[in-house]
Amino acid sequence: MNSLRVTEIFYSLQGEARTVGWPTVFVRLTGCPLRCVYCDTAYAFTGGERKSVAEILQEVGRYSPRYVCVTGGEPLAQPGCLVLLDALVGAGYEVSLETSGALDVSRVNPKVVKVLDLKTPGSGEEARNRYENLDYLDAKDQVKFVIMDETDYRWAKAKLKEQRLAERCEVLFSPAAGLKDPTELAEAILRDRLPVRFQVQLHKILWGERPGV
Ligand code: SF4
């Protein structure tokens, strides 16, 4: 529980969600039980290096960050993730967790900002959505839809209403990189008057698709 398999720890600009653009330390944990068709971090499925929570904290501390983002893979696939999140909050960082939404978030430290995916039909992993997780979201948290096509857009729009998502937290609509035209998605959001935040992945605009950014 006090050690985790880590793919990479790096310092970059946050590319998504509410703290987009802020210098952030990313802790990318190894492993994910899902296989989304658009996954851009398949290199984190296996391998990695086992590190203690103390070692991770020491590495994070080198950058003296305000923001720390725990990501993956699927970070919650490792039980030690909860211990790591507690330790990062305890150390005074503003901590966010990027999760697929497929695993239980009920025991995540309440100070951690959860950025939780709802997997669309196009991802191939819709059946993994754990809707009970939505009950553990509050105003600081965010639900993210990665939208691949028109079917995904209509599905996301229906979920927004059916689950009353905008009343629970902030909702992010993101075009799947290279698959959905960002302008079309932006225009659809405006046309349909959706109460969601449109986002593109800043780090890919700046540095392209590669590890460590
Ligand atoms: S949940 Fe995330 S890391 Fe896992 S397959 Fe899907 S996109 Fe990749």
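Residues numbered from 1 in each chain as written. Predicted model: local features only at pLDDT ≥ 70, side-chain atom pairs only at ≥ 80, totals over all residues. Heavy atoms only, no water.

S.K.: Kindly report on helix 1 (residues 53-61), identifying the contributing residues and their values.
M.R.: Taken as a whole, helix 1 has its buried residues at Val53, Ile56, Glu59 and Val60. One side of helix 1 holds all its buried residues, which, seen down the axis, span an arc of 125°. Within helix 1, the exposed residues directed more than 90 degrees away from the buried face are Ala54 and Gln58. (Buried < 20%, exposed > 50% of the residue type's maximum accessible area, 1.4 Å probe, protein only. Helix = DSSP H or I, 4+ residues; strand = E, 2+ residues; numbered from the N terminus. Arc of directions from axis to C-beta.)

S.K.: Residues and numbers for a nonpolar patch on the surface, please.
M.R.: Taken together, the side chains of Phe198, Val200 and Ile205 define a hydrophobic patch exposed on the protein surface, amounting to about 250 Å² of accessible area. If you trace the backbone, valine 200 turns up in the loop between strand 9 (197-198) and helix 6 (202-207). (Patch = residues over 30% accessible without salt bridge, like charges linked within 9 Å, V, L, I, M, F, W, Y side chains within 5 Å. Areas by Shrake-Rupley, 256 points an atom, 1.4 Å probe, with all protein chains shown as cover. Salt bridge = Lys/Arg side-chain N within 4 Å of Asp/Glu carboxyl O.)

S.K.: Tell me about the side chain of glutamine 163, and please be specific about residues and values.
M.R.: Tracing the chain through its elements places glutamine 163 in the loop between helix 3 (150-162) and helix 4 (165-168). Judged by relative accessible area, which is 16%, glutamine 163 ranks as buried. In this structure glutamine 163 touches Tyr131, Leu134 and Arg168, once residues within four positions along its chain are discounted. (Contact = heavy atoms within 4.5 Å.)

S.K.: An account of the site of the ligand is needed here, citing residue identities and associated values.
M.R.: Every residue near the ligand is listed here: Cys32, Leu34, Arg35, Cys36, Cys39, Thr41, Phe45, Gly73, Ser100 and Lys119. Of the residues that constitute the shell around the ligand, the class distribution is five nonpolar, three polar and two charged. (Near = heavy atom within 4 Å. Nonpolar A, V, L, I, M, F, W, Y, C, P; charged D, E, K, R; others polar.)

S.K.: For the packing of aromatic side chains, give the residues involved together with the corresponding values.
M.R.: One pair of aromatic rings is described through two measures. These are the centre distance and the angle between the planes. A complete count under the given rule lists six aromatic pairs for this structure. Ring centres of tyrosine 11 and tyrosine 63 lie 5.1 Å apart, and the angle between their planes is 20°; this geometry places the pair in the stacked category. Placement of tyrosine 11 in strand 1 (residues 3-13) and of tyrosine 63 in the loop between helix 1 and strand 4 (67-71) is noted, with a sequence separation of 52 residues between them. For tyrosine 11, a relative accessible area of 42% corresponds to the partly exposed category. Of the aromatic side chains, those joined through ring pairs into one cluster are Phe145, Tyr153, Trp155 and Phe173. Sitting above the plane of the phenylalanine 45 ring, arginine 35 keeps its charged end 3.7 Å from the centroid. (Phe/Tyr/Trp six-rings, centres within 6.5 Å; stacked < 30°, edge-to-face > 60°. Lys NZ or Arg CZ within 6 Å of the ring centre and 35° of its normal.)

Spatial relationships are all this shows, so hold off on functional conclusions.
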